[in-house]
Amino acid sequence: MEKKSEYVIKQISVFSENRPGRLAAIAEALRKEKINIFAFSIAEANGFGVVRALVDNPERAHETLTDMGFMVSFTDVIAVKMRDEPGGLYETARILGDAGVNIEYSYAYSGKDAAVLVLRVDQAEEAIERIIEHGGELLSRSLFT
Amino acid sequence: MFWNNHMETLSGAELAALQLKRLQWTVRQAEKVPFYRAQLREAGVGADDIRSIDDAVHLPFTRKQDLREGYPFGFFAVPLKQVVRIHTTSGTTGKPTVVGYTRQDLENWADLMARDLTMVGLTDDDVFQNALGYGLFTGGLGFHYGAEKIGMTVVPSATGNTKRQIEMIEDFGVTAINSTPSYGMRLAEVAEEMGAELDSLNVGIFGAEPWSDNMRKELEERLGITAYDSYGMSEMYGPGAAFECEERNGLHFWHDSYFLEIIDPETGEVLGPGERGELVVTPLVKEAMPLIRYRTGDITMLMEDRCPCGRGQKIARIMGRSDDMLVIRGVNVFPSQIEHVLLSLPEVGEQFMVYIDRKHHLDEMRIEVEINRECFSGELKDLARLQAHVAGALRETLGLRTSVTLVEPGSLPRFEGKAKRVIDRRGEVW
Ligand SMILES: [Zn+2]
């Protein structure tokens, strides 16, 4: 069995007030540092939000944004390659549901050869094991360091 | 330890009778002042109408502004010949307020101060460094005579030359120090720089400006003392009108010399024990300058519980100024209450901003607080939980629903000197 932690990826989560220009400032800072953003999503609540991003160098992104005064933390996520056929999303959701794994949130992006589903789950190791068991393909953390 | 056991523990009917007798005397004394003669005539009350202490409520208030308008000697009830000392309070604007003392006033004041110092355990074995300004300010001389009265060895160091102050503490074996809390912090700083241990020091007395419990802790740790809060103002002779006992849970206000009321600063209505409002003081033994229902502008409350030390009425430590009070949907709110709540929550910083708007004829209060960097988990649900937690804590203390906005650490304005944390936009016309 492969080491499951190989598939645990560090997402950066950045606190952002709902003020114009905050998202642009984050993107600009990462661009200057030549940090590539694979995917991001914004979650909003009453007056504030969290910007979630998958980048090619999370450590440096964390440092850069912290130096700028942003509040940043790492969040463990997994990334599943989606089969390019109908029902791909349903299948992943079913596998995790059957295993009793909760999906807290997810977002997707289209990678080089396939669409990728980023998942924040409550039991990462269990999720990884079940997805591999069912022949699914996960992105390795080595892509994001 | 008691200086005047009988007076300090007087209670019930005996206290009420004494207060009544002295209130009647005070009103009679005030009637010698043209301002009060006019005021009392207008209110339709005189000394003879005061038949119980509860009748005080019929007397008119005296405001700081009234005293200013009496400059210089307009509030003296005795000829200048009988006035043996004058102090003034520096007004931030315009003329100062002048206060006068007869020989008996100075005697009364020193006696109250002797009670204060004895109450915190000081005796003629102590060496007392009085690091408050001497001169027109009441702080220096007020403590000085009380300390001498109980026989302490007094070092009238006044303020300034902090290095020399530290040397005196060490060389003279000073056991108790009196200063403003901010000067106390300065003393700690300089002592640390000098590597002075201040071994002899046991007691610190601080007053003349508001200070927090956090500051108390810091002063105690850095100076190696037990710190006590003192309260007073020149209109009540000076410092020493109220003082903490060894319980350090509220300040005993000398009930034989001052009659206290707490009022709603908006309506003037008298509030009960445990209710926060403006302190109104009627001194009961002042000869040269009697005052009736003087509005101090200080916010506090009468404490309900009897103190284990056996003395009488206590007030809570001063919580702010009535000028800072906000009325939100009919509820009185003080910015210091918000600060207090935030200080008790480690997840947020102590900086805050308050925005008040009126939407659909309803006041809306929104409070911005900074999240503590270490408490950011990256999860939106944790932020929402924190927001609800802060709003809940505020609601519990203020008795008011507020909306809380979480902002980035370091993003709120920092203030030097007087903070402008409240933006009240209700008066604005759109
Ligand atoms: Zn007590």
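Analysis parameters
Residues numbered from 1 in each chain as written. Chains lettered and ligands numbered in written order. Predicted model: local features only at pLDDT ≥ 70, side-chain atom pairs only at ≥ 80, totals over all residues. Heavy atoms only, no water. Donors = N, O, S within 2.8 Å, 3.2 Å for Na, K, Ca; no water. Tetrahedral: all angles 85-135°; square planar, octahedral: opposite > 155°, others 65-115°. Helix = DSSP H or I, 4+ residues; strand = E, 2+ residues; numbered from the N terminus. Buried < 20%, exposed > 50% of the residue type's maximum accessible area, 1.4 Å probe, protein only. Core = buried A, V, L, I, M, F, W, Y, C linked by side-chain atoms within 4.5 Å. Contact = heavy atoms within 4.5 Å. Patch = residues over 30% accessible without salt bridge, like charges linked within 9 Å, V, L, I, M, F, W, Y side chains within 5 Å. Areas by Shrake-Rupley, 256 points an atom, 1.4 Å probe, with all protein chains shown as cover. Salt bridge = Lys/Arg side-chain N within 4 Å of Asp/Glu carboxyl O. Lys, Arg positive; Asp, Glu negative; His and termini not counted. Charge placed at Lys NZ, Arg CZ, Asp CG, Glu CD. 1 Å grid on protein atoms, 1.4 Å probe; cavity = no way out; pocket = protein on both sides within 12 Å on 5 of 7 lines; lining within 4 Å. Points joined across faces, edges and corners; volume = space filled by probe spheres on them. Axes fitted to C-alpha atoms, helices over the stretch in contact; angles between N-to-C directions. Left-handed = near helix turned anticlockwise from the far one by under 90°. Nonpolar A, V, L, I, M, F, W, Y, C, P; charged D, E, K, R; others polar. Buried area = accessible area lost by both parts, 1.4 Å probe. Polar contact = N/O pair within 3.5 Å; in protein donor to acceptor, adjacent residues only side chain to side chain.

**Observations regarding the coordination of the zinc ion**
All names here are of chain B.
Now for step 1: Within the protein, the atoms that donate to the zinc ion are Cys245 (SG), His252 (NE2), Cys307 (SG) and Cys309 (SG), at distances of 2.0 to 2.3 Å.
Now for step 2: Coordination at the zinc ion is tetrahedral, judged from the four donor atoms that bind it and the angles of 98 to 121 degrees they form at the metal.
Now for step 3: One chain supplies every donor to the zinc ion, and in sequence these donors are spaced C-x6-H-x54-C-x1-C. Of this pair, His252 sits in strand β9 (residues 251-253) while Cys309 sits in the loop between β13 (294-300) and β14 (314-315), and the two are 57 residues apart along the sequence.
Now for step 4: Residue Cys309 is classed as partly exposed on the basis of its relative accessible area, which comes to 21%.

**Topic: the nonpolar core**
Residue and element names in this part refer to chain B.
Now for step 1: Counting residues in each nonpolar core, the largest one holds 69 residues, and the members touching the most others are Leu117, Leu122, Phe128, Tyr231, Phe253 and Tyr258.
Now for step 2: Per-element tally for this core: the top contributor is helix α5 (residues 103-119), with six residues.
Now for step 3: Not counting the four nearest positions on each side in its chain, Phe253 is found in contact with Tyr231, Met236, Ala241, Ala242, Tyr258, Leu260, Leu279, Val281, Gln313 and Ile315.
Now for step 4: Listed in part, the 32 residues of the second largest apolar core include Val333, Met365, Val390 and Val404.

**Here we look at a negative patch on the surface**
All names here are of chain B.
Now for step 1: A contiguous patch of negative charge, built from Glu170, Asp171, Glu197 and Asp199, is present on the exposed surface.
Now for step 2: Checked against the element boundaries, Asp199 lands in the loop between α8 (181-194) and β6 (203-206).
Now for step 3: Assessed through its relative accessible area of 68%, Asp199 is described here as exposed.

**A short note on the layout of surface pockets**
All names here are of chain B.
Now for step 1: Of the volumes computed, that of the second largest pocket is approximately 350 Å³.
Now for step 2: What lines the second largest pocket is a set of 21 residues, and nearest its centre among them are Gln19, Phe259, Leu260, Leu302 and Gln313.
Now for step 3: Looking at the lining of the second largest pocket, the elements with two or more residues in it are α2 (12-30), β10 (258-263) and β11 (270-271).
Now for step 4: For the lining of the second largest pocket, the element with the most residues is β10, which contributes five residues.

**Re the packing of α8 of chain B against helix α9 (residues 213-223) of chain B**
Residues and elements named next belong to chain B.
Now for step 1: Interhelical geometry of α8 versus α9 gives an angle of 30 degrees and a closest axis separation of 10 Å. The two elements α8 and α9 meet at a crossing, and its hand is left-handed. In contact with Pro181, Ser182, Gly184, Met185, Leu187, Ala188, Glu189 and Glu192 of α8, α9 contributes Met215, Glu218, Leu219, Arg222 and Leu223.
Now for step 2: The residue makeup of the contact of α8 with α9, split by class, is seven nonpolar, two polar and four charged.

**Things to note about the interface of chain A and chain B**
Now for step 1: Contacts between chain A and chain B engage 26 residues on the former and 17 residues on the latter.
Now for step 2: Carbon and sulfur atoms make up 56% of the area that chain A and chain B hide from each other, which totals about 1,600 Å².
Now for step 3: By the criterion of area lost to chain B, the three top residues of chain A are Phe15, Phe48 and Met71 of chain A, representing 38% of everything that side buries.
Now for step 4: One can count three salt bridges joining chain A with chain B.
Now for step 5: Summed over the shared surface of chain A and chain B, the number is seven residue pairs in polar contact (both at pLDDT 80 or more).
Now for step 6: Contributions of two or more residues to the side of chain A that touches chain B are made by β1 (9-17), β2 (37-44), β3 (48-55), β4 (72-82) and β5 (103-110) of chain A.

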